[in-house]
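Chain by chain, the residues:
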2 protein chains.
Amino acid sequence: MSSVRLDDLSTPALVIDQDRMARNIDRMRRHLSGLGVGFRPHVKTAKSIEICRRLMPTPRGPITVSTLKEAEQFFAHGVTDVLYAVGIEPGKLPHVADLRARGCDLMVILDSVEAAADVSAFCAARRSEIPVLVEIDSDGHRGGVEPDSDTLLDVAAALTSGARCRGVMTHAGASYDCRSTDAIAAMAEQERAAVVRAAARLRAAGHDATVVSVGSTPTATFARDLAGVTEVRAGVFVFQDLVMAGLGVCAVDDIALSVLVSVIGQQREKGWIVTDGGWMAVSRDRGTAGQAVDQGYGLVRDADGRILKSLVMHGANQEHGLISRRDGGAIDWDAFRIGRRLRIVPNHACATAAQHAEYFVVEGSREVVARWERFGGW
Amino acid sequence: MSSVRLDDLSTPALVIDQDRMARNIDRMRRHLSGLGVGFRPHVKTAKSIEICRRLMPTPRGPITVSTLKEAEQFFAHGVTDVLYAVGIEPGKLPHVADLRARGCDLMVILDSVEAAADVSAFCAARRSEIPVLVEIDSDGHRGGVEPDSDTLLDVAAALTSGARCRGVMTHAGASYDCRSTDAIAAMAEQERAAVVRAAARLRAAGHDATVVSVGSTPTATFARDLAGVTEVRAGVFVFQDLVMAGLGVCAVDDIALSVLVSVIGQQREKGWIVTDGGWMAVSRDRGTAGQAVDQGYGLVRDADGRILKSLVMHGANQEHGLISRRDGGAIDWDAFRIGRRLRIVPNHACATAAQHAEYFVVEGSREVVARWERFGGW
């Protein structure tokens, strides 16, 4: 794509700042390496093989996925060490077994005796082998078994025939609700302690707990010690976003993802700049609504990437974005003529990226150096 | 797809109840026909040629689109009468001219002298002809020029050379905030009066106002008289959704769209059923949050389509949905075992459908009779 510039793109378009992304990846990799722990990047945010390659320790993985579609797509590119980190249900077992039969070392997770019995029955009937991590509840926010519960051992015991317990995993999603980086560090320790304790109990009962897996971008960023943990999962750090900035996980300037939009109207009496980037382009995610600073539907950069601090995208219809001044003050209308390009910095990178089928990769301020496909679906 | 049943589908999956959709289309068509007005269905909700064909008065249209991608896709299927109903900006004019040169009678909209001058300059330079509707502000909610303003005539006068004024259009998006069906009927009259007045002023000044276009699903549904209007645009009615039900536009039972999900976990102490349908599958749209009844992320149907009234999808992570009882009461856990299929009825059909690349069309309760592709992007 020689000599394509941002101004040549149709809007709305999803843009990655290559340098920012590279710094985000490097920072996380160095931090985890310093803690002496393995890295199993979560590729649900990016869903692009080009980005996956920049994240993985080796061409074969390991990676974490949130859908079997991700497993399938990345396996097609040679990635074989894959953790499907959403609780398995019987309807998906044939697909899991098929991927494994083709050479993908896919692990699944579950958090109940019922699910363990389902996987065991499937493996017995199909003479399949499926490695399993038991999901641990480290923060009460969604799923998993309590690390100190009888259920933990019951679940492991219910894994029979080809259903093989390989260890434990947890996701401290509650880290998104922490109010300080110290609180996130404490949550990281809580996350670590829960799985390490669960793994010890499994081993004491004679089960395999080779894998001890934790992860969320906030806890991965602020973990101070991960003794006993074998691998960390994190995904959104690759782009970062306003929710992460609001948590103190990154600076706004670190955010590598934005949506290029064009001004399509001015509502001068209302003080609104109207753009062609509505919620279809930036998503409906309002993840900063509950944070100290509500960033609306996103912050505004100029086409060169500089933050226009006085502005915020305050509203969205399907294909219309509304931008106004935070302080309600007067806008320099001549600076926002119809056709001008702006870039919206999103609340939640996973949600915004999901609205698009391709990334335009920018080097420096406006040079588009690559177009990378991304996929969606299940 | 003979003898495929809902239970055979991988989840999450987007499901259309064919009978409900057909009734929704028939009801709108009869209503508008009774009012003696033309129908230019908005295809931004469905983005599927199969559904487009069921909506259009003729195989060539007319239709309304929200993106040039929609214009391009439907033009490839022979649809030639197309209104692109988002304000045009200069960067999109080459694409518009190209579609027109290939035989698509594409109209654009704008609401400023500046945009009118841009289109005129483009047409003069390219010797192109582009028909234009002036967008009228009938409700103060987003864009458009005031029907009684000097700007209206200034905009029309700024359309020169091949930029041809063909009339006016408005969208009373404020109808989504109405509190009663009488209020929606009043909004429909306000919408009608605004464009009819604007059209009369344009004609008196010597401009063409052949097209007088209004539309939103609520106002289209409750309009009592559309004298002077030539065409109505509406889109979400084809599926309906919980926002429309909350407005009184439809009954919950009319909603033709749902997301098939599987139970993947039980958090008995919390009273949560966990599913594999998170916000990636149902969208982040919380459109009922501001209505009298907040429906969370959606209502719950069983796989046969019956509403399970006591339940609501109260939470969502990327690939996890959380369902609980509205009254906080005890759940019959044996009825929601891992692997059970449920269907989530969404807040906003446009947003939910946008998360998927295909529709599974169901006839009767569980027979899948078709798979229809849908597209996204710009």
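Everything below is about the structure shown above.
Computed from a prediction, not measured in an experiment: that's the story for all the values here. (Residues numbered from 1 in each chain as written. Chains lettered and ligands numbered in written order. Predicted model: local features only at pLDDT ≥ 70, side-chain atom pairs only at ≥ 80, totals over all residues.)

Caption draft 1: Spatial organisation of the relation of the copies chain A and chain B. Of the transformation superimposing chain A on chain B, the axial component is 0.0 Å and the angular component is 180°, with the fit at an RMSD of 0.0 Å. As the rotation angle and translation indicate, the two copies are arranged about a two-fold axis. In terms of proximity to the rotation axis, the leading residue of chain A is Arg284 of chain A, whose C-alpha is 2.6 Å off the axis. A symmetric contact is evident, with 100% of the interface residues of chain A recurring at the interface of chain B. (Least-squares fit on C-alpha atoms with pLDDT ≥ 70 in both. Contact = placed C-beta atoms within 7 Å.)

Caption draft 2: Region of the structure containing the sheet that holds strand E10 (residues 231–232) of chain B. Residue and element names in this part refer to chain B. The strand order across the open sheet built from eight strands is E3-E10-E9-E8-E7-E6-E5-E4, with neighbouring strands paired in parallel fashion. Across the chains shown, the open sheet's two edge strands, defined by having one partner strand only, are strand E3 (38–39) and strand E4 (63–65). As defined by bridge partners, strand E5 (residues 81–84) adjoins strand E6 (residues 105–110) across three bridges and the pair is classed as parallel. Residue pairing in the sheet places Leu83 in a bridge with Met107 of E6. Sitting on the sheet, helix H3 (residues 68–75) is in contact with E4, E5 and E6, with an inclination near 170° to E5. Set on the sheet, helix H4 (residues 93–101) makes contact with E6 and strand E7 (130–135); between it and E6 the angle comes to about 155°. (Pairing = 2+ DSSP bridges. Helix = DSSP H or I, 4+ residues; strand = E, 2+ residues; numbered from the N terminus. Axes fitted to C-alpha atoms, helices over the stretch in contact; angles between N-to-C directions.)

Caption draft 3: Region of the structure containing the interface of chain A and chain B. At the junction of the two partners, chain A supplies 45 residues and chain B supplies 45 residues. Among the secondary structure elements, those contributing two or more residues to the side of chain A that touches chain B are helix H5 (113–126), strand E11 (257–267) and helix H11 (349–353) of chain A. Broken down by class, the residue content of the side of chain A that touches chain B amounts to 14 nonpolar, 20 polar and eleven charged. (Nonpolar A, V, L, I, M, F, W, Y, C, P; charged D, E, K, R; others polar.)

Caption draft 4: The arrangement of the sheet that holds strand E8 (residues 163–169) of chain A in detail. All names here are of chain A. Read from one edge of the open sheet, eight strands run E3-E10-E9-E8-E7-E6-E5-E4, paired in parallel fashion. Here the strands that pair on one side only, and so sit at the sheet edges, are strand E3 (38–39) and strand E4 (63–65). This element, helix H7 (residues 181–204), spans E8 and strand E9 (211–214) of the sheet and lies at about 150° to E8.

Caption draft 5: Just the pairing of E5 of chain B, in detail. All names here are of chain B. Strand direction decides the pairing type here: E4 and E5, joined by three bridges, are parallel. Bridged to Thr64 within E5 is Leu83. Between the parallel elements E4 and E5, the chain passes through H3 in a crossover that is right-handed. For the crossover that starts at E5, traverses H4 and ends in the parallel E6, the hand is right-handed. (Right-handed = clockwise from strand over helix to strand, strands pointing away.)

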